[in-house]
Amino acid sequence: MAYDTNNIFARILRGELPKIAVYEDDLTLAFMDIMPAVEGHTLVIPKEAAETILDLSPEGAAATIRTTQKVAAAVKKALGVPGIMLAQLNGTAAGQSVPHLHFHILPRAHGLEMNFHGRKMVDAKVLMPVAEKIRAAL
Ligand code: AMP
């Protein structure tokens, strides 16, 4: 299927929708998930127009995993959790809801309950201090 240039993350990349960014470079962007499954839930996307991992160039894939590794380390340190879960869904059949490739970075701890997909929008005022902690840990 053709890439939808008006998907939410394409619009975030163009600056048409707000984001709470924690990291950005020439090829990638990391920002807070607006409906976090758990505190510290962060997303990493390539700037390249790619719907799934199968559409991404090898260079885009390398850059995206590099940023995911870097930001995952910062999320782990900032949230003080022992575990980090990464998730990346390809296609609606796999549960992908935004058709622009993204990695989920999810802090995990024993006994910390989590629904993989968040259901409740969280106010920017709540997300901003968490983002600040992650940025400080980069
Ligand atoms: P997926 O189901 O893997 O496609 O995940 C999409 C994720 O994007 C979900 O966890 C949503 O909460 C998140 N999301 C949707 N819209 C926004 C937005 N405007 N800003 C940040 N995260 C978003």
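Scroll up to find the structure this text is about.
Here's a quick rundown of the structure. Keep in mind the model is a prediction, meaning the values are calculated, not measured.

**Some thoughts on the pairing of strand E1 (residues 21-24)**
Remember that side chains alternate between the two faces of the sheet whenever the strand is regular. Sheet topology note: the E1/strand E2 (residues 28-32) ladder contains three bridges and is antiparallel. When the bridges of E2 are listed, Ala21 appears paired with Phe31. A loop of three residues connects E1 with E2, the two strands running antiparallel in sequence.

**Some points on the pattern of salt bridges**
Summed over all chains, the structure comprises four salt bridges. A salt bridge links Arg14 to Glu16; its shortest N-O distance comes to 2.8 Å. Classification of Arg14 by relative accessible area gives partly exposed; the value is 42%. Note on Glu16: relative accessible area 41%, which makes it partly exposed. Through salt bridges that share partners, Arg11, Arg14 and Glu16 make up one connected network.

Criteria and thresholds
Residues numbered from 1 in each chain as written. Predicted model: local features only at pLDDT ≥ 70, side-chain atom pairs only at ≥ 80, totals over all residues. Heavy atoms only, no water. Pairing = 2+ DSSP bridges. Helix = DSSP H or I, 4+ residues; strand = E, 2+ residues; numbered from the N terminus. Salt bridge = Lys/Arg side-chain N within 4 Å of Asp/Glu carboxyl O. Buried < 20%, exposed > 50% of the residue type's maximum accessible area, 1.4 Å probe, protein only.

Take it as geometry only, folks, not as evidence of what the structure does.
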